[in-house]
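Chain by chain, the residues run as shown.
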Amino acid sequence: MITLLTDAGEFAVPGAEASTTTLWCPARDAEAATGWVAKPKGLCRGPVCVPLPAGREREFTDGGRIDLAALWRHLDRPAVHSDRGDAWVLAESARERAAMLAALEAPDFALPDLAGRLHRLSEQRGKKVLLVTWASW
Amino acid sequence: MWQALYEELKALGFVVIAVAMDSREGDPGPWIEAARPTYPALIDREHRLAELYGIVNVPQAVWIDEAGRIVRPAEPAGAYEGFRQMNRLTREMPEDVARLTAQAKATYLDAIRDWVRHGSKSAHALSTAQAREHLPPPREATARAQAMFRLGQLLLRRGEREEGERWIREASRLHPESWCIWRQGAGVNETGLAALPDFWQRVDALGEDRYYARVDMPGMP
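Peer 1: Just checking my understanding: could you explain the overall build of chain A for this structure?
Peer 2: Summing up its helical and strand segments, chain A has three helices and 13 strands in all. Dimensions of chain A, computed from C-alpha atoms along their principal axes, come out at roughly 50 × 35 × 25 Å. A buried classification covers 40% of the 137 residues belonging to chain A. Considering only contacts within chain A whose residues lie at least 6 apart along the sequence, 37% involve residues at least 24 apart.

Peer 1: Looking at this structure, how should I read the confidence of the model for chain A?
Peer 2: In low-pLDDT regions, the fine details of the predicted coordinates are not to be read closely. On average, residues of chain A score 95 in pLDDT, and 100% of them are at 70 or above. Highest mean pLDDT in chain A belongs to strand 10 (residues 87-90) of chain A (98); lowest belongs to strand 7 (residues 48-50) of chain A (93).

Peer 1: Looking at this structure, how should I read the sheet that holds strand 3 (residues 17-18) of chain A?
Peer 2: Think of a sheet as strands paired side by side through backbone hydrogen bonds, with each pair either parallel or antiparallel. Residue and element names in this part refer to chain A. In spatial order, the strands read 3-4-8; together these three strands make up an open sheet with antiparallel pairing. Every other strand in the sheet has two partners, leaving strand 3 and strand 8 (65-67) as the edge strands with one partner each. Of the strand pairs in this sheet, strand 4 (residues 23-26) and strand 8 are connected by three bridges, and their pairing is antiparallel. Opposite P26, over in strand 8, you have R65 as the bridge partner. The strands touched by helix 2 (residues 68-75) are strand 4 and strand 8; relative to strand 8, the strand with the most contacts, the crossing angle is about 45 degrees.

Peer 1: Sorry if this is basic, but what is going on with the interface of chain B and chain A here?
Peer 2: Quoted interface sizes are often the accessible area lost when the parts come together. Listed as interface residues are 65 residues of chain B and, on the opposing side, 43 residues of chain A. Of all the secondary-structure elements, those providing two or more residues to the side of chain B that touches chain A are strand 1 (14-20), helix 2 (29-35), strand 2 (41-43), helix 3 (48-53), strand 3 (60-64), helix 4 (95-118), helix 5 (128-133) and helix 6 (140-157) of chain B. No other element matches helix 6 of chain B, which puts eleven residues into the side of chain B that touches chain A. Here strand 13 (residues 128-134) of chain A pairs with strand 3 of chain B via four bridges, running antiparallel. Residue pairing across strands places L131 of chain A opposite V62 of chain B, the latter belonging to strand 3 of chain B.

Peer 1: Sorry if this is basic, but what is going on with the sheet that holds strand 10 of chain A here?
Peer 2: With respect to topology, four strands assemble into an open sheet ordered 2-1-10-9 (chain A), the strand pairing being mixed. The sheet is open, and its two borders are formed by strand 2 (9-13) and strand 9 (79-81) of chain A, each paired with just one other strand. Strand-to-strand twist of the sheet, defined as the mean angle between neighbouring strand axes without regard to direction, takes the value 20 degrees. Bridge analysis of strand 1 (residues 2-6) of chain A against strand 2 of chain A gives five bridges, and the strand direction is antiparallel. Opposite T6 of chain A, over in strand 2 of chain A, you have G9 of chain A as the bridge partner. Strands in contact with helix 1 (residues 27-34) of chain A are strand 1, strand 2 and strand 10 of chain A; relative to strand 2 of chain A, the strand with the most contacts, it is inclined by about 170 degrees. Lying on the sheet, helix 6 of chain B is in contact with strand 1, strand 9 and strand 10 of chain A; it crosses strand 10 of chain A at an angle near 150 degrees.

What counts as what
Residues numbered from 1 in each chain as written. Chains lettered and ligands numbered in written order. Predicted model: local features only at pLDDT ≥ 70, side-chain atom pairs only at ≥ 80, totals over all residues. Helix = DSSP H or I, 4+ residues; strand = E, 2+ residues; numbered from the N terminus. Buried ≥ 20, exposed ≤ 12 C-beta atoms within 10 Å, placed from the backbone. Contact = placed C-beta atoms within 7 Å. pLDDT = per-residue confidence, 0-100. Pairing = 2+ DSSP bridges. Axes fitted to C-alpha atoms, helices over the stretch in contact; angles between N-to-C directions.

As structure tokens, then:
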């Protein structure tokens, strides 16, 4: 069982196979966790499509699966994994985050309260929000 | 302090979302129960807000308007680093430093009140250009460090302590500006604070640099 952490959350992907350099994920799980899907013109997320290097398409997709590690390298985004390869974090790059922040749209998030109930920033739309961090340490 | 401000301003369409950047199991619970907040009090074990908003220390806050637009990017929320000048044995603060600490807090709270009442007309609501200037600079090493921190937290949660702590140390090495990451990996004293000698060494090593970044707000020390 491989655990994926992405901007969309935490995903347990029983059908994934990983080495230290590859992370083959069933297409449906890859889409749920990352939003990326394989199309004839390349790998796409929403309206954005990234063409794959000619002749190397099989390094990224084999029909039913996507190698998310290869995709993340191709996109030049940070991917880190546990020594055993059973936990992966697929993150956004700093330049993408900066581009999103430059639009000054507050990125939405879902975080739990003490009881485990998830709250989203977007639930407070229509109010002025002071989003303030603290810690017990 | 946030509960009182929330009660004072909530009728004007204002809400606080307080997020504990705590990762140790059970840590923020007693604090939240004692504060009895009526606004959302959330827990961010993986420091997602650090990734999304560039949080590097607490308390840092972001002002977000009714349309979900960032009015003031992440900055210290009324905190002043007077603690650097306190007596480390007695925890007493020189009087002038205590005054500056109180001034930082009062200035910040008044600025929030002004923004809640006057919206974009408030002198403390940054223009689009100003707000962009206050955004954290993008650093790829930081993005990588945040991913490592998240991985470390997942492994700790699974009980894989040694590897989890290694990722968190590595994250702190790559992103040394983050006190959130460093303190999460540091030891805590008898009162639960990450304020052992290594904390003070790290603070002293700042020299003239700030522990809390300077806040661009009139009247802020």
